[in-house]
Amino acid sequence: MRLGVLDIGSNTGHLLVVDAHGGAPPLPASSFKRPLRLAEHLDAAGAVGADGIEALTAFTAEALVVAEEKGCEGMLAFATSAVRDATNSDAVLRHVRERTGVDIGVLSGEDEARLTFLAVRRWFGWSAGRLAVFDIGGGSLEIAAGSEEAPDVAWSLPLGAARLARTHLTGGAVDEDTVRALRRQVRAEIARDAGQLLRAGRPDRAAATSKTFRSLARICGAAPSADGLLVARSLPLDALREWLPKLAAMEPAELAGLPGVSASRAHQIVPGALVAEACMDIFDLAALEICPWALREGVILERLDALSVLDAQ
């Protein structure tokens, strides 16, 4: 089966075309993406502005054409934090549906964490034991943990890298007072519910997904993406701590010149690094393993599981 997965994230719209069937890993066949930066198109009232709505609508129409050209039998479309939290979310999705015919569902923060956890569990397998998963998106941070395919704890926090950049940074190098204030806020929000994960005991394995974590790992010395998915990569806490003051002192152009960092996301690196550092410190993790599978793969895997059950009946 060839499926299109349309992921409307807070930073990027991404259509992933995969060949998939039960019992096999989803095989990427094509990828089409556009920078939407919806988290930064919100007005003072928290609504997606006209430019953001038009950008989303145009991208969805383009993605539909690409999916048809690639021979997709169906398309799974979903949106995450930026659309979920927008005060005009229903109006945005109605506009897209009326203009393109594509019905985009909105994932709750808990579902986003749960589906990402499913993907990471399938990637590492049962040998991972009790697994903790962290995902820094553009609009939110997802945390989940458990010993089975469904996590026993899963929650979402408004600590996405784009959101924090928009609300706390003005561009350019970041002064020490700003870093200290942002660090304090991030840690307080994560620590508030940390007991949900910690009460069940230390995880046997801890993993991270998302572009932010991948970029930070690359900055700290992980292998480049060109080396392939199967190369082990990690983000060590000690290395990240050494890099943090250097990152805060850099201008956006300098950040964009670092390995693994794109110009469009350079301004998100410092807040993303503060969130990553807080996750590892608060949950007493010396490092996070980088998992190449994330939310999109989780959505595909859940769909395949449902089809397998129907076939069995």
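The preceding data block contains the structure.
A few points on the structure. Values in this document were obtained by computation on a predicted structure and should not be read as measured data. (Residues numbered from 1 in each chain as written. Predicted model: local features only at pLDDT ≥ 70, side-chain atom pairs only at ≥ 80, totals over all residues. Heavy atoms only, no water.)

Structural notes on the layout of surface pockets
One way to see where empty space is left: roll a probe the size of a water molecule over the atoms.
Right, on to step 1. The volume enclosed by the largest pocket comes to roughly 1,300 Å³.
Right, on to step 2. Forming the walls of the largest pocket are 48 residues, and the residues nearest its centre are K33, S210, K211, R214 and R296.
Right, on to step 3. Of all the secondary-structure elements, those providing two or more residues to the lining of the largest pocket are strand 2 (12-19), strand 3 (27-35), strand 6 (131-136), helix 8 (211-219) and helix 12 (295-312).
Right, on to step 4. The element contributing the most residues to the lining of the largest pocket is helix 8, with six residues.
Right, on to step 5. Taken together, the residues of the lining of the largest pocket sort by class into 15 nonpolar, 20 polar and 13 charged. (1 Å grid on protein atoms, 1.4 Å probe; cavity = no way out; pocket = protein on both sides within 12 Å on 5 of 7 lines; lining within 4 Å. Points joined across faces, edges and corners; volume = space filled by probe spheres on them. Helix = DSSP H or I, 4+ residues; strand = E, 2+ residues; numbered from the N terminus. Nonpolar A, V, L, I, M, F, W, Y, C, P; charged D, E, K, R; others polar.)

Considerations on the packing of helix 1 (residues 50-69) against helix 3 (residues 89-100)
Right, on to step 1. Relative orientation of the contacting elements helix 1 and helix 3 amounts to 40°, with a least axis distance of 10 Å. In terms of orientation, helix 1 lies oblique with respect to helix 3. Crossing of helix 1 against helix 3: the hand is right-handed. Residues I53, E54, L56, T57, T60, A61 and L64 of helix 1 form the contact with helix 3, whose participating residues are V92, H95, V96, R99 and T100. (Axes fitted to C-alpha atoms, helices over the stretch in contact; angles between N-to-C directions. Parallel < 35°, antiparallel > 145°, perpendicular 65-115°, else oblique. Left-handed = near helix turned anticlockwise from the far one by under 90°. Contact = heavy atoms within 4.5 Å.)

What to know about the sheet that holds strand 1 (residues 2-8)
Right, on to step 1. Spatial ordering of the open sheet is given by 3-2-1-4-5, a layout of five strands whose pairing is mixed. Where the open sheet ends on each side, the last strands, each with one partner, are strand 3 and strand 5 (105-106).
Right, on to step 2. When strand 1 meets strand 4 (residues 74-79), the two strands line up parallel, connected through six bridges. Bridging across to strand 4, L3 finds its partner in G74.
Right, on to step 3. In the packing of helix 1 onto the sheet, contacts are made with strand 1, strand 2, strand 3 and strand 4, and the angle to strand 3 comes to roughly 155°. (Pairing = 2+ DSSP bridges.)

Quick word on the packing of helix 6 (residues 176-192) against helix 11 (residues 269-282)
Relative orientation and spacing of two packed helices are given, respectively, by the angle between their axes and the distance between those axes.
Right, on to step 1. As a packed pair, helix 6 and helix 11 sit with axes 9 Å apart at the nearest point and diverge in direction by 45°. In terms of their interaxial angle, helix 6 and helix 11 are classed as oblique. Relative to helix 11, helix 6 is oriented so that their crossing is right-handed. Of the residues in helix 11, those in contact with V179, L182, R183, V186, R187, I190 and A191 of helix 6 are P271, L274, V275, E277, A278, C279, D281 and I282.

Focus on unusual backbone geometry
Right, on to step 1. Look at R37: it is not a glycine, yet its phi comes out positive at around 50°.
Right, on to step 2. Here R37 lies in the loop between strand 3 and helix 1.
Right, on to step 3. Notably, D284 is not glycine yet its phi reads approximately 55°, a positive angle.
Right, on to step 4. Tracing the backbone shows D284 in the loop between helix 11 and strand 11 (287-290).
Right, on to step 5. Residue classification places D284 among the exposed residues on the basis of a relative accessible area of 53%. (Buried < 20%, exposed > 50% of the residue type's maximum accessible area, 1.4 Å probe, protein only.)

As for empty space enclosed by the protein
Right, on to step 1. Overall, the coordinates contain two cavities of 30 Å³ or more when judged by the stated rule.
Right, on to step 2. Computed from the structure, the largest cavity encloses a volume of approximately 60 Å³.
Right, on to step 3. No other element matches the three residues that helix 8 contributes to the lining of the largest cavity.
Right, on to step 4. When the residues that make up the lining of the largest cavity are grouped by side-chain class, the tally is two nonpolar, five polar and two charged.
Right, on to step 5. By volume, the second largest cavity is sized at about 30 Å³.

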